[in-house]
Amino acid sequence: MKERVIVVSMLSAAVLAGCNSDAVETSKVIHQQHLSAANQFYAASSELNNAMATLCAQGDDKKLETAQQAWTRTMQSWMSFQGREKGGEDALALSWQIQFWPDKKNTTGRKLNQLLKQDTAWSAGDLASQSVAVQGLGAAEWFLYEQPQALSSPEGCQLAMAVTGYINQSGKALVGAWQNNPWQAMTPELALGEYLGALNNQLDYSIKKMQRPMGKPGHPKPYQAESWRSGTSMVNLKASVVAMQGLYLAEGHGLDQLLRDKGYAATADRLTEQFANLVTSWPTEPSMTAMLKSREGYRQLISIFNGLEYIKWTLQDEVAPELGIVVGFNATDGD
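Keep in mind that what you see is a predicted model, and the values were worked out from it rather than measured.

Caption draft 1: Region of the structure containing the overall build of the chain. Counting its secondary structure elements, the chain contains 13 helices and zero strands. Ordered by position from N to C terminus, the α and β elements of the chain give α-α-α-α-α-α-α-α-α-α-α-α-α. Judged by the C-alpha coordinates and their principal axes, the chain covers about 85 × 45 × 35 Å. Expressed as a percentage of its 335 residues, the buried residues of the chain come to 50%. Across the chain, contacts joining residues at least 24 apart in sequence account for 80% of those joining residues at least 6 apart. Total accessible area computed for the chain in this model is approximately 16200 Å², and 53% of it derives from carbon and sulfur atoms. Mean positive and mean negative side-chain charge positions of the chain (28 and 33 charges, respectively) differ by 5 Å.

Structure follows, in C-alpha cells:
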C-alpha cells in the first residue's frame, strides 16, 4: 500500500510539474507577444511622427494621404493592447495618453482648439502637463482628418508635431515597460487567470466599442464610434479581433492548446472556428458610421456583436471551469 501511495504521489507531482511547465511557457510566449507588439507600435508611431513632419514641411494632398496611412497603421498596432488592462503598472499607465476614448463630449477637439489659440510654441514635452485628450491617437486623427487645414499654419503644425512626437515618446516608453515579464513571478494559476482576464477584458472593450454607436434599434449614435473622423472604426475592430485571436492561440501555447491537453478539444475547436469565421467574413466597409445607415450594415454589425458575445460567454462559462480558472471582475465592469 505504501508503495502504491508513493507511486501515485510521484505521478501527481509529475502531472503538476507538467502543468506548471506549460503555464510557464505560455507566460513566456504571451510576454513575447506583448513585447513584439510594443515594438511594432513604436515603429509605427515613429513613421507617423516623420510623416507629420514631412507633411508640415511639404504640405500637399499626397503627403496628407501618406500621413493618414501612417496614422492608420499606428492605430491598428495599438489594438493589441487596447482594453486588455493586464500587465505591468508602467505599461497600463500609458493607455489613456495613447488613446483617449470614448470621447463623448468632443473633449479632444475642444481642447486642441484651445491650445491653438494660445501663444505657445508647443513641443512634445509641453503636452505632458496637458489633458490626455490631446496627447494621443485621437488628437492626431483630429488634425489629419477633421482639421487638416490647421496644418497650413506654423502654429497648427507645431501642435500637430508635438502630438505625434508625444505619441512616439509613449511608444518608446511602452517598449521599455514590456521589457520584463509581469507574470514571471506569479504562480502558474495566477498567471493563467491574468491571461484569461486579459482576453476577457479585451472582448468586453470590443463589445462596448459596438454597443455605444449601435445604440438602441433605430437610434444609432454614430459619433460614439471609435475613429469616426477617419471612418476606420471597422478596421480597428477587426485588428482587435485578430489580436484577440493571436492571444487565444499564443503560437500553440495558449488557451487553445491548454484546452486540448486537458481533453476539451471540442471547446477549443468551437472557439478557434468562431475567431476564424469572424475574421474571414469581416465586412469590407471600413466605417461603422456608414454601416449604421443601412439595414444590411446594421445586420452585419449584430452578427459580429453576437459572435463576440459567443466567445465571451464560452470563455467564462466553459473555458474557465474546464481549466480551473476563477474569472473575476474586469476593467470595464460598471462602465
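Caption draft 2: Representation of the packing of aromatic side chains within the structure. Taken as a whole, this structure holds 10 aromatic pairs when the rule is applied. Considering the side-chain rings of tryptophan 96 and phenylalanine 100, the 5.7 Å spacing of their centres and the 50 degrees angle between planes classify their relative orientation as tilted. Exposure remark for tryptophan 96: the relative accessible area of 46% places this residue in the partly exposed category. An aromatic cluster is present here, built from Phe41, Trp78, Phe81, Trp178 and Trp183 joined pairwise through their rings. One cation-aromatic arrangement involves arginine 212 over tryptophan 101; the distance from NZ or CZ to the ring centre is 5.9 Å. The ring of tryptophan 313 carries the charged tip of lysine 312 above its face, separated from the ring centre by 4.9 Å.

Caption draft 3: Fine view of the state of the cysteines. Evaluation of the coordinates by the stated rule reveals one disulfide. A sulfur-sulfur separation of 2.2 Å characterises the disulfide bridge that pairs cysteine 56 with cysteine 157. The disulfide joining cysteine 56 to cysteine 157 has a torsion of about -100 degrees about its S-S bond and is therefore left-handed. Placement of cysteine 56 in helix α1 (residues 2-57) and of cysteine 157 in helix α7 (residues 154-177) is noted, with a sequence separation of 101 residues between them. Judged by relative accessible area, cysteine 157 falls into the buried class, the value being 8%.

Parameters at a glance
Residues numbered from 1 in each chain as written. Predicted model: local features only at pLDDT ≥ 70, side-chain atom pairs only at ≥ 80, totals over all residues. Heavy atoms only, no water. Helix = DSSP H or I, 4+ residues; strand = E, 2+ residues; numbered from the N terminus. Buried < 20%, exposed > 50% of the residue type's maximum accessible area, 1.4 Å probe, protein only. Contact = heavy atoms within 4.5 Å. Areas by Shrake-Rupley, 256 points an atom, 1.4 Å probe, with all protein chains shown as cover. Lys, Arg positive; Asp, Glu negative; His and termini not counted. Charge placed at Lys NZ, Arg CZ, Asp CG, Glu CD. Phe/Tyr/Trp six-rings, centres within 6.5 Å; stacked < 30°, edge-to-face > 60°. Lys NZ or Arg CZ within 6 Å of the ring centre and 35° of its normal. Disulfide = S-S within 2.5 Å.

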